[in-house]
Amino acid sequence: MILKFLTMLTGTNLSKSYGFRKALHEVSIQMVPGRVCGLLGHNGAGKTTLFRILCGLIKPDSGSISITSNRPKPVGGIIEKPGLYPYLNAYDNIKIFAGIQSAPTDKESITQTLAKVGLPTNRKDPVRNFSMGMKQRLGIAIALLNNPEYLILDEPFSGLDPTGVASLIGLITALAAEENISILLSSHLMGELSKCCHYLYVMNDGQVVNSGTTNQLVNNNIHQFSITAVNIASSIVLKKYDARLGVNDARVICNANQIPTLLSELLAEGIHVTSCTPELSLAQLVNTPIAS
């Protein structure tokens, strides 16, 4: 399914085989200015192959890509993991990659690039000392050199703790909104993508098997939510629901349109919810009809 918006990048009927194995089969995808799109699928679903094609690293066997851009580097991306020089600091990493890409290498430009992704501008130690989240941010900073119109991030949340995931989601959301960048990112976890994506594509065995706005897929397919609160086990409201209580969390089976009422009721009885995450198996999305 193709979104009905102004298009910046479109892949149409993309197919790619390696020997007798078909990695992609007639995949169509679109990126939209200021929007974040998610690509949801298990390992081996074809996500990385698609990203390599969109970044121009490999050619499809068939299908076409349409790119509209007036910028020196239309597409920036991280495939699999950031390729950094671990023995250099963040500033010098940016300077080297900026030189390779003919981007500005002056101190002010490099400092602005680091600040844009929330990294300290005066840290001098090598990036091998950085946390996984900081390395991801540095990789994104390098991908953003020359101000691309669209950004492709392959499994950016891999290896991050919950705090790192939340921080990176905030950065991705801000880049799309403030820089008007089209962002496409992949994951095998619905909870991560549901928090930052406007639109989702579901891949399985090299094909897009479901797609739609995030709200559509959540409302149509999710019937279980994980709710976290310190004193949730004392809730009386949850007795009205099909809920399995833990010490500080509850898994509640209900429709998505019931969640606003449930959260309001929990707040009214003094239960302060710190997170509410939809839970959805990929198998469920793979086996449901494609959204219209």
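Residues numbered from 1 in each chain as written. Predicted model: local features only at pLDDT ≥ 70, side-chain atom pairs only at ≥ 80, totals over all residues. Heavy atoms only, no water.

A.B. asks: Can you tell me about the pairing of strand β1 (residues 9-18), naming the residues and giving the values?
C.D. replies: Each regular strand carries side chains that alternate between the two faces of the sheet. Across 7 bridges, the pairing between β1 and strand β2 (residues 21-31) is antiparallel. What sits directly across from Tyr18, in β2, is Arg21. From the end of β1 to the start of β2, which pair antiparallel, there are 2 residues, and Gly19 there has a positive phi angle of about 65 degrees. (Pairing = 2+ DSSP bridges. Helix = DSSP H or I, 4+ residues; strand = E, 2+ residues; numbered from the N terminus.)

A.B. asks: Any chance you could break down the packing of helix α2 (residues 90-100) against helix α3 (residues 107-116) for me, citing the residues and the numbers?
C.D. replies: Remark: α2 packs on α3, axes separated minimally by 10 Å, with the N-to-C direction vectors making an angle of 115 degrees. Judged on the interaxial angle alone, α3 and α2 are roughly perpendicular. Classified by chirality, the crossing of α3 by α2 is right-handed. Only Lys107, Ile110, Thr111, Thr113 and Leu114 of α3 make contact with α2, whose side of the interface consists of Ala90, Tyr91, Ile94 and Lys95. Per-class residue counts for the contact of α2 with α3 are 5 nonpolar, 2 polar and 2 charged. (Axes fitted to C-alpha atoms, helices over the stretch in contact; angles between N-to-C directions. Parallel < 35°, antiparallel > 145°, perpendicular 65-115°, else oblique. Left-handed = near helix turned anticlockwise from the far one by under 90°. Contact = heavy atoms within 4.5 Å. Nonpolar A, V, L, I, M, F, W, Y, C, P; charged D, E, K, R; others polar.)

A.B. asks: Provide a residue-level description of the packing of aromatic side chains, including the pertinent values.
C.D. replies: Within this structure, the stated rule accounts for 3 aromatic pairs. What links up through ring pairs into an aromatic cluster is the set Tyr85, Tyr87 and Phe97. (Phe/Tyr/Trp six-rings, centres within 6.5 Å; stacked < 30°, edge-to-face > 60°.)

A.B. asks: Requested: an account of the confidence of the model for the protein chain, with residues and values cited.
C.D. replies: Chain-level pLDDT for the protein chain is 86 on average; 93% of the residues reach the 70-or-more range. Per-element mean pLDDT across the protein chain ranges from 66 in helix α9 (residues 282-286) up to 93 in α2. Confidence drops under pLDDT 50 across residues 1-5; counting only partners more than four residues distant or on other chains, this segment forms 14 contacts. (pLDDT = per-residue confidence, 0-100.)

A.B. asks: Could you give an account of the pattern of salt bridges, with specific residues and numbers?
C.D. replies: For the structure on display, the rule yields 6 salt bridges. We note a salt bridge from Lys116 to Glu179, for which the minimum N-O separation is 4.0 Å. Residue Lys116 is located in helix α3, and its partner Glu179 is located in helix α5 (residues 162-179); the two are separated by 63 residues in the primary sequence. Accessibility expressed as a relative area gives 36% for Lys116, which makes it partly exposed. Given the relative accessible area of 28%, Glu179 is considered partly exposed. Residues Arg123 and Asp125 are paired through a salt bridge, measuring 2.6 Å at the closest nitrogen-oxygen approach. (Salt bridge = Lys/Arg side-chain N within 4 Å of Asp/Glu carboxyl O. Buried < 20%, exposed > 50% of the residue type's maximum accessible area, 1.4 Å probe, protein only.)

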